[in-house]
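Letter by letter, the chains look like this.
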Amino acid sequence: MQTQKTQVAIIGAGPSGLLLGLLLDKQGIDNVILERVTGEYVLGRIRAGVLEQGFAKLVREAGASANMDAKGEVHDGVEIAFNDTRIPINLKELTGENVIVYGQVDITRDMMEERAKRGLETVYEAKNVEPHDVKSDSPYLTYEKDGETYKLECDYIAGCDGFHGVSRKTIPDNVKKEYEKVYPFGWLGLMSDTPPINDELIYAKTDRGFALASMRSKTRSRYYIQVPATDDVKNWSDEKFWEEFKLRMPASARENLVTGKSIEKSLVPTRSFICEPLQYGNLFLVGDAGHIVPPTGAKGLNLAASDVATLYKILTRVYKQGDKKCIEQYSPIALRRVWNGVRFSWWLTDLLHDFGDDKDEFDKKMERSEIEYFLKSPAGQKVIAEQYVGLPYEDLK
Ligand code: APR
Ligand code: PHB
């Protein structure tokens, strides 16, 4: 077995793994990424595209922000519509912060290219990655590539391998606790090279169900409608999608809708999932490997980024100051921000989606009253805005 040594072994070349790898490299901390699929396949996954400023700052520090800053759209506000009533939430006014609309695929590509440009090692199509001795001071990974078996020795393992990865499975069941909520609906998403219906995102709650009007640029739109979780993309022609989407947009926006041929159409399941703890020995769960949120609050990518920020600070302190004890701070710090992001995403999902008979008359009245209060009172809007732009990152003790 061919053996190689690095300081931090990273499993997964999604946004979490790539961002962590670039940041560690900036500190001269050696790292190798093992990715199960090809780079093209990673970029083939259409995901969200609203970045908190905390994430943007990290990408700048990682040295991969040129395109984001040149092409990303800064949005000072977001709209929530309740049938035809449109309520602008002025994020900038309410919090002093705003967000950047820039596709997850684009930021992932930028980080992949920056990593390649720096000659940093990423092993794509690394099969059967297996962590070993993660509770010891010399953990390692084994994997297969082109029929050969390899051993990657390291000090720490960053599990950035998403929900279906191997890292979380490495934590024994009697050590971890998993919390999950699966929603009875999904988001049917459509991407089209048409000008967006509005210059800010519109989150629409209607009697027909939820809808979201988002975008990737001034010429590319990304739209979603709530459909039953059991539905299938095959049931939705472009025409049927546009017809239903139009009915869910507030009347005053409808006339701006430009329809066209879809360039991508997919069904996104919705669930909330959290694993505790996020650290086991010298193995750390980062991003989707440890937690999943429904896309309503645009928190998935941003919670992955705050995990990366905390682990990056910890590993920098370990290698620069020899303070190994601080690794115990990872899970509590990361989980505090994750639980808040999970709660916000669950709350907004509960408020804006149609749960049919799962909610009784009283619940529906509560929902209506919550909308009245949160969307119409400045204090309520501030609560939404503060969480939408993202709560501050916690520092190490
Ligand atoms: N071995 C190696 N690589 C693996 C393995 C494995 N056993 N299992 C999964 N991977 C790779 C996947 O192929 C994927 O490229 O790990 C990567 C995980 O990437 P993501 O799922 O994108 O997770 P993360 O980087 O944490 O990004 C979180 O992605 O799903 C969105 O909403 C989510 O925006 C959030 C972001
Ligand atoms: C998207 O642009 O794909 C998007 C934006 C905001 C969300 C979810 C998805 O909350």
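Residues numbered from 1 in each chain as written. Chains lettered and ligands numbered in written order. Predicted model: local features only at pLDDT ≥ 70, side-chain atom pairs only at ≥ 80, totals over all residues. Heavy atoms only, no water.

Caption draft 1: Structural view of the site of ligand 2. Surrounding ligand 2, one finds 15 residues, the nearest of these being Tyr203, Ser214, Arg216, Tyr224 and Pro295. A distance of 2.8 Å separates an oxygen atom of ligand 2 from a polar side-chain atom of Arg216. Tyr224 is positioned with one of its side-chain polar atoms (N or O) 2.5 Å from an oxygen atom of ligand 2. Considering ligand 2 on its own, with 280 Å² of exposed area, one finds that the protein chains cover 100% of that surface. Elements that contribute at least two residues to the shell around ligand 2 include exactly strand 16 (209-215) and strand 17 (221-228). When grouped by side-chain class, the residues that make up the shell around ligand 2 number 9 nonpolar, 3 polar and 3 charged. (Near = heavy atom within 4 Å. Polar contact = N/O pair within 3.5 Å; in protein donor to acceptor, adjacent residues only side chain to side chain. Areas by Shrake-Rupley, 256 points an atom, 1.4 Å probe, with all protein chains shown as cover. Helix = DSSP H or I, 4+ residues; strand = E, 2+ residues; numbered from the N terminus. Nonpolar A, V, L, I, M, F, W, Y, C, P; charged D, E, K, R; others polar.)

Caption draft 2: Layout of empty space enclosed by the protein. By the definition in use, this model includes 2 cavities of 30 Å³ or more. Of the volumes computed, that of the largest cavity is approximately 60 Å³. Forming the boundary of the largest cavity are Glu52, Lys299, Leu303, Arg337, Asn340, Gly341, Phe344, Gln387, Gly390 and Leu391. Among the elements that take part in the lining of the largest cavity, helix 11 (residues 330-352) stands out by supplying 4 residues, more than any other. Taken together, the residues that form the lining of the largest cavity break down as 3 nonpolar, 4 polar and 3 charged. Of the volumes computed, that of the second largest cavity is approximately 30 Å³. Elements with a contribution of two residues or more to the lining of the second largest cavity: helix 1 (15-26) and helix 10 (300-321). (1 Å grid on protein atoms, 1.4 Å probe; cavity = no way out; pocket = protein on both sides within 12 Å on 5 of 7 lines; lining within 4 Å. Points joined across faces, edges and corners; volume = space filled by probe spheres on them.)

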